[in-house]
Number of protein chains: 2
Amino acid sequence: MSLPLSYKLILMAKAKTKKIVVEETSTEEKIKEAAKKLFTRKGFAATRTRDIAEEAGINLALLNYYFRSKQKLFDIIMLENFKQFIQGITVKVYDETATIEEKIEKIATAYIDFLTLHPDLPLFILNELRGNPSDIAEKINEEVAPMRLHLMKQLQNASNAGKIPAIDPFHFVANVIGLTVFPFVAKPILQRVTSVGDDRFQTLMQERKKLVPLWIKAMLAVK
Amino acid sequence: MSLPLSYKLILMAKAKTKKIVVEETSTEEKIKEAAKKLFTRKGFAATRTRDIAEEAGINLALLNYYFRSKQKLFDIIMLENFKQFIQGITVKVYDETATIEEKIEKIATAYIDFLTLHPDLPLFILNELRGNPSDIAEKINEEVAPMRLHLMKQLQNASNAGKIPAIDPFHFVANVIGLTVFPFVAKPILQRVTSVGDDRFQTLMQERKKLVPLWIKAMLAVK
DNA sequence: GTCTATATTCTGATAGAC
DNA sequence: GTCTATCAGAATATAGAC
């Protein structure tokens, strides 16, 4: 039974305080795992609580016993997913010792590795973020705000120092994230259009870890 | 009451055979318009037939009278949306007189204009395409197959002639479409991260009509 | 073709036994 | 904590009058 690392760590931490051996996954965790799997794959509206219960190997009533409602369970998963999604990028952005170009390489590599493991995540986030305007938007803002300031400042500094030409931060972010994330978001349609199978897709994504930074560098030299 | 151009043309064609004056939108068209609006914005599962009926200004029973079921109505909208989405690109790709670089510019411009008018379309397609594996996949293949051959051939020729370096068609397509479409797909999150309002977003998208072709050209020179 | 009223199915949530 | 059984409401679809 494979678990997200974060869960395992929590379990181990709990276990440490009582026993030495890591115990079986708790019912609550099993439900969360099942919910994350289905919500992430099919979205809120298309996922039925019955399916989550079945996937978790427990009864429907138990789901409500632990989480009170479908919406509350979803909110938890949504927030976890979003944090997980930007967590990969956060550490890299804050690295004071890295230049912009080094950061791009680290971010692209980390993200492609991450998305290879969680290919459904970005589409889920883009999707569920569109319907809920101000619901969880605030929490997201809190997570993102300091990162924005940091990145803007570094871009401005690099531009002032003449290291890179002035580029609008929006274009910069859209391009880095777009080149990295889009192939995963559009995977089904891209594979169809280009006749690329699953194995070849994986290989191409590995290639992009090297290519995206080179491409971005070349783009920064434009105009 | 603003109608999609295609509808207007159909109506005008019909009208030509009988009367001179273009008549009011038919009930069937009104339902389809309402369905397209809601399905595209919220997806299949989150859209209720009641809402479609209300949006169309008719009764719920009438929806089933015309389309028999929610699923059948959705399938029609889905196919129309998809055709509309790739239709913009199709003409440009087949233009025998244009070089690869000219095509990129035409495609980027046409797509950004199109997406400005229909910002919800790409996310809708990416989304609903993920759940339905082989359902409408075949019809999509039929639409896309000849375009794939044409594009691959031109890329190969340009590469052989030494005009551009060899690049995997997958990377090429992913990059062009990614740089063009991704900002619209990720609009809410990108706006949040970069503190960009709606007006500024529109301006930036207009900028990209010029920038994307330049960027792609610069990327093609890499390595 | 269009409506009102109703049937039918689905789904989230709860009551209550164990 | 976990289960079975069931309720209440929602959502799709149909019957039948006009």
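Scroll up to find the structure.
(A) Here's a closer look at the packing of helix α5 (residues 70-94) of chain A against helix α7 (residues 121-131) of chain A. Residue and element names in this part refer to chain A. At their nearest, the axes of α5 and α7 sit 10 Å apart, and the two run at 125° to each other. Judged by the angle between their axes, α5 and α7 are oblique. Our pair here, α5 against α7, has a crossing hand that is left-handed. On the side of α5, the interface is formed by F74, M78, N81, F82, Q84 and F85, while α7 contributes L121, P122, F124, I125, E128 and L129.

(B) Fine view of the relation of the copies chain A and chain B. Screw-axis analysis of chain A against chain B gives a translation of 0.0 Å along the axis, an RMSD of 0.1 Å, and a rotation angle of 180°. Here the two chains are linked by the operation of a two-fold rotation axis. Of the residues that chain A buries at the interface, 100% are likewise interface residues in chain B, meaning the two copies contact each other through the same surface.

(C) The arrangement of the protein's contact with DNA strand C in detail. As a matter of local geometry, DNA strand C sits amid 16 residues, with T49, R50 and K70 of chain A together with N59 and Y66 of chain B nearest to it. The sugar-phosphate share of atoms of DNA strand C within 4 Å of the protein amounts to 60%. One of the side-chain nitrogen or oxygen atoms of R48 of chain A is found 2.8 Å away from a phosphate oxygen of DNA strand C. T27 of chain B places a polar side-chain atom, nitrogen or oxygen, 2.9 Å from a phosphate oxygen of DNA strand C. Mapped by element, the contributors of at least two residues to the surface near DNA strand C are α3 (49-56) and α4 (60-67) of chain A together with α4 (60-67) of chain B. Sort the elements by how many residues they give to the surface near DNA strand C and α4 of chain B lands first, with four residues.

(D) Just the protein's contact with DNA strand D, in detail. Among the 16 residues in the neighbourhood of DNA strand D, the closest are listed as N59 and Y66 of chain A together with T49, R50 and K70 of chain B. Among the atoms of DNA strand D lying within 4 Å of the protein, the sugar-phosphate backbone contributes 59%. Contacts to DNA strand D include N59 of chain A, whose side-chain N or O atom sits 3.1 Å from a phosphate oxygen. A distance of 2.6 Å separates a phosphate oxygen of DNA strand D from a polar side-chain atom of T49 of chain B. Mapped by element, the contributors of at least two residues to the surface near DNA strand D are α4 of chain A together with α3 (49-56) and α4 of chain B. Top element by residues in the surface near DNA strand D is α4 of chain A. It accounts for four residues.

(E) The arrangement of helix α11 (residues 198-220) of chain B in detail. In this model α11 of chain B runs 32 Å from its N-terminal to its C-terminal C-alpha over 23 residues, within 8% of the 33 Å that 1.5 Å per residue would give. When the local axis directions of α11 of chain B are compared, the greatest deviation, roughly 40°, occurs at K209 of chain B, which is followed within four positions by the proline P213 of chain B.

(F) Local environment of the packing of aromatic side chains. Enumeration according to the criterion identifies 21 aromatic pairs over all chains in this entry. Measuring from ring centre to ring centre gives 5.8 Å for F184 of chain A and F201 of chain A, while their planes differ by 90°; the resulting arrangement is edge-to-face. Taken together, the residues span a long stretch of sequence, with F184 of chain A in helix α9 (residues 169-185) and F201 of chain A in helix α11 (residues 198-220) at a distance of 17 residues. Taking relative accessible area as the criterion, F184 of chain A reaches 5% and is therefore assigned buried. Both rings, one in F39 of chain B and one in F74 of chain B, keep their centres 5.0 Å apart while their planes meet at 85°; by these two values the pair is edge-to-face. Here F74 of chain B lies in helix α5 (residues 70-94) and F39 of chain B lies in helix α2 (residues 27-46), a separation of 35 residues in the sequence. As far as the burial class goes, F39 of chain B and F74 of chain B line up, both buried. When the ring centre of F44 of chain A is taken as origin, the NZ or CZ atom of K70 of chain A, which lies over that ring, is 4.3 Å away.

About the cut-offs
Residues numbered from 1 in each chain as written. Chains lettered and ligands numbered in written order. Predicted model: local features only at pLDDT ≥ 70, side-chain atom pairs only at ≥ 80, totals over all residues. Heavy atoms only, no water. Axes fitted to C-alpha atoms, helices over the stretch in contact; angles between N-to-C directions. Helix = DSSP H or I, 4+ residues; strand = E, 2+ residues; numbered from the N terminus. Parallel < 35°, antiparallel > 145°, perpendicular 65-115°, else oblique. Left-handed = near helix turned anticlockwise from the far one by under 90°. Contact = heavy atoms within 4.5 Å. Least-squares fit on C-alpha atoms with pLDDT ≥ 70 in both. Near = heavy atom within 4 Å. Polar contact = N/O pair within 3.5 Å; in protein donor to acceptor, adjacent residues only side chain to side chain. Expected span 1.5 Å × (residues − 1). Bend = angle between axes of the 7 residues up to and from the residue. Phe/Tyr/Trp six-rings, centres within 6.5 Å; stacked < 30°, edge-to-face > 60°. Buried < 20%, exposed > 50% of the residue type's maximum accessible area, 1.4 Å probe, protein only. Lys NZ or Arg CZ within 6 Å of the ring centre and 35° of its normal.

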